[in-house]
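A closer look at the structure
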Amino acid sequence: MLAYTSVLHADTSVLALADAHRATEAAIHASGVPCVLLRNGWYTEHYAMEIGAALSLGALLR
């Protein structure tokens, strides 16, 4: 069983990086290897770059 971490809505996303994930997902399916596609959303660690501003402002702005 293969687990592949893709991108949220990879099949319909207009994000530039979705193209590579769509191609990878297609290759996985074509290989016949049993798989699960993990289409994760935003990861919490992406907020790490904003910790300083959040601390100084007292809020996490999105």
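Since the structure is predicted, the reported quantities are computational estimates derived from the model, not experimental observations.

Parameters at a glance
Residues numbered from 1 in each chain as written. Predicted model: local features only at pLDDT ≥ 70, side-chain atom pairs only at ≥ 80, totals over all residues. Heavy atoms only, no water. Helix = DSSP H or I, 4+ residues; strand = E, 2+ residues; numbered from the N terminus. Polar contact = N/O pair within 3.5 Å; in protein donor to acceptor, adjacent residues only side chain to side chain. Contact = heavy atoms within 4.5 Å. Pairing = 2+ DSSP bridges. Right-handed = clockwise from strand over helix to strand, strands pointing away. Salt bridge = Lys/Arg side-chain N within 4 Å of Asp/Glu carboxyl O. Buried < 20%, exposed > 50% of the residue type's maximum accessible area, 1.4 Å probe, protein only.

1. A closer look at the side chain of E25
- Tracing the backbone through its elements, the reader meets E25 in helix α1 (residues 18–31).
- Within polar-contact distance, the side chain of E25 engages the side chain of R39 at 2.6 Å.
- Ignoring anything within four residues of it in the chain, the contact list for E25 reads Y4, S6, A10, L37 and R39.

2. A look at the pairing of strand β1 (residues 2–5)
- Bridge count for β1 against strand β2 (residues 35–38) is four bridges, and the pairing is parallel. Bridging from a neighbouring strand, T5 pairs with L38 of β2.
- Of the crossover connections in this fold, the one passing from β1 over α1 to the parallel β2 is right-handed.

3. Some words on the pattern of salt bridges
- Going through the model one piece at a time under the given rule, you end up with three salt bridges.
- The salt bridge partner of R39 is D11, with a shortest N-O separation of 3.1 Å. Linking R39 in the loop between β2 and α2 (51–57) with D11 in the loop between β1 and α1, this pair joins segments that are 28 residues apart in sequence.
- Between R22 and D19 there is a salt bridge whose closest N-O contact spans 2.4 Å. Linking R22 with D19, this pair stays in helix α1, spanning three residues, or about one helical turn.
- Relative accessible area serves as the criterion here: at 47%, D19 is assigned to the partly exposed category.
- What emerges from the salt-bridge pattern is a single network uniting D11, E25 and R39.

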